Amino acid sequence: MSLNTSRASRLCCGLALLPLSLPVAQASDADDALRFEVAPGITAHARLLEGGDIEVTTNRASSTQRLAPQEPEEQPARWSHGDYNFDGYQDLIASTPLGQVNEGNRVYLYAPTTGDFQELIWPEAPEATCGGFWSLSPQPATRTLTSSCRSGPMWYSDVYRYEGARLYLYRSMSMAGIDAAQLAPFLRLDAPDEADLLVVWSSWNAAGERQEQAIWNALEPPPEGVPLHGAGAVVVPARLPLYRTADEATTTRYLVKGDHVELMDVAEGRLQVRYRNPTRGPVSGWVQVFDSP
């Protein structure tokens with residue numbers, strides 16, 4: 001699922017499952033202006049124009065900028081500011097309502113060398129769930145930006161991280177397609193009430209290579225700065241075959257009743273699990289839980 005502007009404008013209404021974190025400053029109702037301190041000694045004056053564009057000047061720029069954050073048919077953007085590349089300077093962000101729960105964002109980073117604002121380009125990645133910047137929430141401690149969008153009854157999230165000045169997709173989510181009723185004879189989930197909200201979270205490096213994945217709750221991104229940890233489950237049958245690959249036909253490896261595993265991925269009608277053997281360490285493999293082998 002990739003949520004773009006045209007699709008978002010047709011989304012149906014619904015209650016949000018996640019809080020939308022928004023920047024803390026807004027334009028003044030008195031003069032349609034946004035005045036703020038970019039950094040000590042640097043001030044910015046942004047004036048809203050008819051149609052939703054904004055005219056921006058700073059005491060460091062040599063000319064006036066005009067920024068256009070939305071297409072003509074969209075609702076006017078709401079302007080505010082925050083630090084979206086964690087360099088200590090305040091940046092501009094335009095939030096445009098699309099549908100009844102989604103907000104598309106355009107971010108304009110302050111450039112200290114020129115004194116103006118330059119648009120932060122979304123690092124296009126086919127693995128991104130939302131596609132673009134949506135309801136951005138900056139996380140200074142990890143230098144990441146979380147983008148959250150809604151399609152149908154579900155909220156989706158992408159997490160972007162900086163490597164130097166370059167932004168890249170760090171984590172994304174995809175539907176796991178786990179049927180709790182089919183899973184029950186084989187694995188008993190530690191948190192069965194979350195069975196309908198399980199997704200596959202993947203971590204990516206700056207080169208776009210998937211580094212790890214784990215099945216986790218859809219309502220919140222997994223903790224950052226630590227390896228992905230999958231949802232837990234306990235083996236139900238006396239023996240459960242453990243295949244080395246998702247398409248392996250036979251195996252001599254088995255999990256036994258009571259073994260505790262983490263759910264890591266889904267493919268080819270099988271579920272990847274990780275079992276932490278007390279003597280040999282983590283052991284990964286695939287179990288047949290959705291269809292007959």
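Residues numbered from 1 in each chain as written. Predicted model: local features only at pLDDT ≥ 70, side-chain atom pairs only at ≥ 80, totals over all residues. Heavy atoms only, no water.

A. Molecular detail of the overall build of the protein chain. Scanning the protein chain from N- to C-terminus turns up two helices and 21 strands. Within the protein chain, buried positions represent 49% of all 293 residues. Long-range contacts, defined as pairs at least 24 residues apart, comprise 48% of the intrachain contacts of the protein chain with a sequence gap of at least 6. On the protein chain, roughly 14500 Å² of surface is accessible, and the fraction owed to carbon and sulfur atoms is 50%. (Helix = DSSP H or I, 4+ residues; strand = E, 2+ residues; numbered from the N terminus. Buried < 20%, exposed > 50% of the residue type's maximum accessible area, 1.4 Å probe, protein only. Contact = heavy atoms within 4.5 Å. Areas by Shrake-Rupley, 256 points an atom, 1.4 Å probe, with all protein chains shown as cover.)

B. Representation of the packing of aromatic side chains. Evaluated as defined, the whole model comprises six aromatic pairs. With a centroid separation of 5.4 Å and 35° between ring planes, the pair formed by Y89 and Y110 is classed as tilted. Pair noted here: Y89 is in the loop between strand 5 (78-82) and strand 6 (91-98) and Y110 is in strand 7 (residues 102-111), with a separation of 21 residues, a long-range link. Since its relative accessible area comes to 2%, Y110 is described here as buried. Aromatic rings pair up to connect F36, Y89, Y110 and F117 into one cluster. Sitting over the ring of Y170, R161 keeps its end group 3.8 Å from the ring centre. Taking the ring centre of Y254 as reference, the NZ or CZ of R239 above it sits at 4.0 Å. (Phe/Tyr/Trp six-rings, centres within 6.5 Å; stacked < 30°, edge-to-face > 60°. Lys NZ or Arg CZ within 6 Å of the ring centre and 35° of its normal.)

C. Spatial organisation of the state of the cysteines. According to the stated counting rule, one finds one disulfide in the structure shown. With its sulfur 2.1 Å from that of its partner, C130 forms a disulfide with C149. Residues C130 and C149 share a disulfide whose torsion about the S-S bond is about -95°; that sign makes it left-handed. In this pair, C130 is assigned in the loop between strand 8 (116-119) and strand 9 (137-139) and C149 in strand 10 (residues 144-151), connecting sequence segments 19 residues apart. Judged by its relative accessible area of 0%, C149 is buried. (Disulfide = S-S within 2.5 Å.)

D. Quick look at the nonpolar core. I178, L187, L255, V261, L263, L271 and V273 are the most contacted members of the largest nonpolar core, which has 24 residues in total. Breaking this core down by element, the ones donating at least two residues are strand 13 (187-189), strand 14 (198-204), strand 16 (232-235), strand 19 (260-267), strand 20 (270-277) and strand 21 (281-288). At three residues, the largest contribution of residues to this core is made by strand 20. When residues no more than four places from it in sequence are discounted, the contact partners of L255 are V235, A238, R239, L240, L242, V261, V273, Y275 and V287. A46, A77, W79 and F117 belong to the second-largest nonpolar core, a separate cluster that totals 17 residues. (Core = buried A, V, L, I, M, F, W, Y, C linked by side-chain atoms within 4.5 Å.)

E. Summary view of the pairing of strand 16. Of the two faces of strand 16, the one holding G232 and V234 and the one holding A233 and V235 are both buried throughout. Judged from the three bridges that link them, strand 13 and strand 16 form a sheet pairing that is antiparallel. Each bridged residue has a counterpart across the sheet, and for R188 the counterpart in strand 16 is V234. Bridge count between strand 16 and strand 19: three bridges; the pairing is antiparallel. Within the sheet, the bridge partner assigned to G232 lies in strand 19 and is E262. (Pairing = 2+ DSSP bridges.)

F. Highlighting the sheet that holds strand 2 (residues 42-48). Overall, antiparallel pairing links the four strands, which are arranged 1-2-3-4 in an open sheet. Since the sheet does not close on itself, it has two edges, and those belong to strand 1 (33-39) and strand 4 (65-67), each with one partner. Shown here is a sheet whose adjacent strand axes are inclined to one another by a mean of 25°, direction ignored. As defined by bridge partners, strand 1 adjoins strand 2 across six bridges and the pair is classed as antiparallel. In the strand pairing of strand 2, A39 is matched with I42. (Axes fitted to C-alpha atoms, helices over the stretch in contact; angles between N-to-C directions.)

G. Summary view of the environment of D91. When you line up the elements, D91 lands in strand 6. Taking the C-alpha atoms as reference points, D91 and Q118, separated by 27 residues in sequence, lie 9.2 Å from one another. Aside from chain neighbours lying at most four places away, what touches D91 is S80, H81, G82, D83, Y84, N85, Y108, L109, Y110 and F117. At 2.8 Å, the side chain of D91 and the backbone nitrogen of Y84 are in polar contact. (Polar contact = N/O pair within 3.5 Å; in protein donor to acceptor, adjacent residues only side chain to side chain.)

H. Structural detail: unusual backbone geometry. In this structure, F86 takes a positive phi of about 60° despite not being glycine. Relative to the assigned elements, F86 resides in the loop between strand 5 and strand 6. What makes F86 buried here is its relative accessible area of 16%. Positive phi, close to 55°, is recorded for E268, a residue that is not glycine. Tracing the sequence through the fold places E268 in the loop between strand 19 and strand 20. A relative accessible area of 65% places E268 in the exposed class.

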